[in-house]
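Observations on the three-dimensional arrangement
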Amino acid sequence: MRIIKQVQQMQKLAKQTRTKGLKIGLIPTMGFLHEGHLSLIRLARKEADFIVVSIFVNPTQFGPGEDYQAYPRDLQRDCRLIGQNGGDVVFVPSSEEIYPEGYCTFVELEGITRKLCGAFRPTHFRGVATVVTKLFYIVKPHFAVFGQKDAQQAIVIKRLVKDLNFGIKIIVAPTVRESDGLAMSSRNLYLSEQEREDASVLYKSLQGAKSMVEAGERSASRIIVTMEKMISEKPTAQIDYIAAVDDQQLEPLEQLSGEVLIAVAVRFGRARLIDNIILSV
Ligand code: AMP
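The rules behind each value
- Residues numbered from 1 in each chain as written.
- Predicted model: local features only at pLDDT ≥ 70, side-chain atom pairs only at ≥ 80, totals over all residues.
- Heavy atoms only, no water.
- Pairing = 2+ DSSP bridges.
- Helix = DSSP H or I, 4+ residues; strand = E, 2+ residues; numbered from the N terminus.
- Axes fitted to C-alpha atoms, helices over the stretch in contact; angles between N-to-C directions.
- Contact = heavy atoms within 4.5 Å.
- Buried < 20%, exposed > 50% of the residue type's maximum accessible area, 1.4 Å probe, protein only.
- Polar contact = N/O pair within 3.5 Å; in protein donor to acceptor, adjacent residues only side chain to side chain.
- Near = heavy atom within 4 Å.
- Areas by Shrake-Rupley, 256 points an atom, 1.4 Å probe, with all protein chains shown as cover.
- Nonpolar A, V, L, I, M, F, W, Y, C, P; charged D, E, K, R; others polar.
- Parallel < 35°, antiparallel > 145°, perpendicular 65-115°, else oblique.
- Left-handed = near helix turned anticlockwise from the far one by under 90°.
- Core = buried A, V, L, I, M, F, W, Y, C linked by side-chain atoms within 4.5 Å.

This part is about the sheet that holds strand E7 (residues 237–246). Across the sheet, 3 strands lie side by side as E7-E8-E9; this open sheet has antiparallel pairing. Each edge of the sheet is formed by a strand with only one pairing partner; in this case those strands are E7 and strand E9 (271–280). Sheet twist, expressed as the mean angle between neighbouring strand axes with direction ignored, is 15 degrees. With 9 bridges joining them, E7 and strand E8 (residues 259–268) adopt antiparallel strand pairing. Within E8, the residue paired with Gln 238 across the bridge is Arg 267. Packing of helix H10 (residues 220–232) onto the sheet brings it into contact with E7 and E8, and relative to E7 it is tilted by some 160 degrees.

So this is what it looks like as structure tokens:
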């Protein structure tokens, strides 16, 4: 397995790999890998001849006062895990390599990036779309794998690929969870014991919503109020949003029908956690 830090070197290798007729799969990450990330690598391995995992804590997707500096990092462990799970290359550029002096080009999607997390993190998806666009040009993948845990991100990336004619297939992989249902996240590291215990309410509230729908409930507000009650019972939980939206435009629904995304963002201490489910109603 190779570790590449330079954009030019990565581009050259990607070009050579394509010339050989090999299929490149990309898994973009911010590192500090857990089983969720590794499941994406294993999924990619089924389709790719050549797997590139990028590790880049992308400064442009963090807002002022967010956890860019504190974000956990462990490159040695990450590289070992990527090797063990079938990665061929770890692309780990520095921030100066991706955003050299004078850098001023950004990719902005309208509409869907203002909703849900975008309402709380107004520059987040601009940073995500910019870095993913750059990674697509650098790594030249045939396909890329993203996690359903970041549902809005996956929707934004699919839109980006469509709008800019990237011709890259986007695969969205299921959320990997801890035994109590908490979605795995590098940010779970921030949780105190009490917060960690409380955080399992996210998945439970989503399962509660699913049960209500299965029992025939179609009113979004009744489902949201029930979830809100469950979550606010936890002393350390501070809700950013609970939403029931359509899975394309992320428009809030009054009555649930079609493919419905139920998404939550809740802060527990300094960890802001997100989770979601998609229901076919
Ligand atoms: P991150 O390192 O948090 O930027 O995540 C990198 C990729 O892994 C993104 O596509 C995430 O959606 C995905 N991911 C993160 N956590 C999980 C999880 N628990 N299950 C599945 N995919 C995940």
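There is more to say after this.
Before going further, it helps to spend a moment on the environment of Leu 40. For Leu 40, the position within the fold is in helix H2 (residues 35–45). Given the relative accessible area of 7%, Leu 40 is considered buried. As a C-alpha pair, Leu 40 and Pro 174 span 134 residues in sequence and 8.8 Å in three-dimensional space. Apart from residues no more than four positions distant in its own chain, Leu 40 is found in contact with Ile 27, Val 145, Phe 146, Gly 147 and Ala 173.

So, on to the side chain of Ser 186. Relative to the helices and strands, Ser 186 resides in the loop between strand E6 (169–173) and helix H8 (193–199). For Ser 186, a relative accessible area of 5% translates into the label buried. From its side chain, Ser 186 meets the backbone oxygen of Phe 32 in a polar contact 3.3 Å long. Other than its neighbours up to four places away in sequence, Ser 186 contacts Gly 31, Phe 32, His 34, His 37, Tyr 71 and Pro 72.

Before going further, it helps to examine the pairing of strand E2 (residues 24–29). Burial runs high along E2: 6 of the 6 residues are buried. Of the two faces of E2, both are covered, the one formed by Ile 24, Leu 26 and Pro 28 as well as the one formed by Gly 25, Ile 27 and Thr 29. Here E2 pairs with strand E3 (residues 50–55) via 6 bridges, running parallel. Looking at the pairing, Pro 28 lines up with Ser 54 of E3.

Around the ligand sit 17 residues in total, of which His 37, Gly 147, Asp 150, Val 176 and Met 184 are the nearest. When the free accessible area of the ligand is taken as 480 Å², the share hidden by the protein chains comes to 93%. Sorting the residues of the shell around the ligand by element identifies E2, H2 and strand E5 (143–147) as the ones contributing at least two each. A total of 3 residues in the shell around the ligand trace back to one element, the largest contributor, which is H2. The residue inventory of the shell around the ligand, partitioned by class, reads 8 nonpolar, 7 polar and 2 charged.

We now examine the sheet that holds strand E4 (residues 89–91). With parallel pairing, 6 strands are arranged side by side in an open sheet as E1-E4-E3-E2-E5-E6. Sheet topology places strand E1 (2–4) and E6 at the edges, where each strand pairs with a single neighbour. The sheet shows a mean angle of 25 degrees between the axes of neighbouring strands, direction not considered. Pairing between E5 and E6: 5 bridges, direction parallel. Considered in E6, the bridge of Ala 144 is made with Ile 170. This element, H2, spans E2, E3, E5 and E6 of the sheet and lies at about 150 degrees to E5. Together, E2, E3, E4, E5 and E6 form the strand contacts of helix H6 (residues 124–139), whose direction differs from that of E2 by roughly 150 degrees.

It is at 11 Å that the axes of H6 and helix H7 (residues 151–163) come closest, and there the two elements cross at 50 degrees. With respect to H7, the axis of H6 lies oblique. As for the relative orientation of H6 and H7, their crossing is right-handed in sense. When H6 is examined against H7, the residues Phe 125, Val 128, Ala 129, Val 132, Thr 133 and Phe 136 are found in contact with a partner set consisting of Gln 152, Gln 153, Val 156, Ile 157, Leu 160 and Val 161. Class assignment for the residues of the contact of H6 with H7 results in 9 nonpolar, 3 polar and no charged.

On to the nonpolar core, then. Grouped together as the largest cluster of nonpolar side chains are 47 residues, with contacts concentrated most on Val 52, Phe 91, Phe 136 and Ile 157. The greatest single-element share of this core, amounting to 9 residues, is contributed by H6. Residues contacting Ile 157, with those up to four places away along its chain left out, are Val 128, Val 132, Phe 136, Phe 146 and Ile 170. Formed by 31 residues, the second largest nonpolar core is a distinct cluster that contains Ala 199, Ala 220, Ile 231 and Ala 244.

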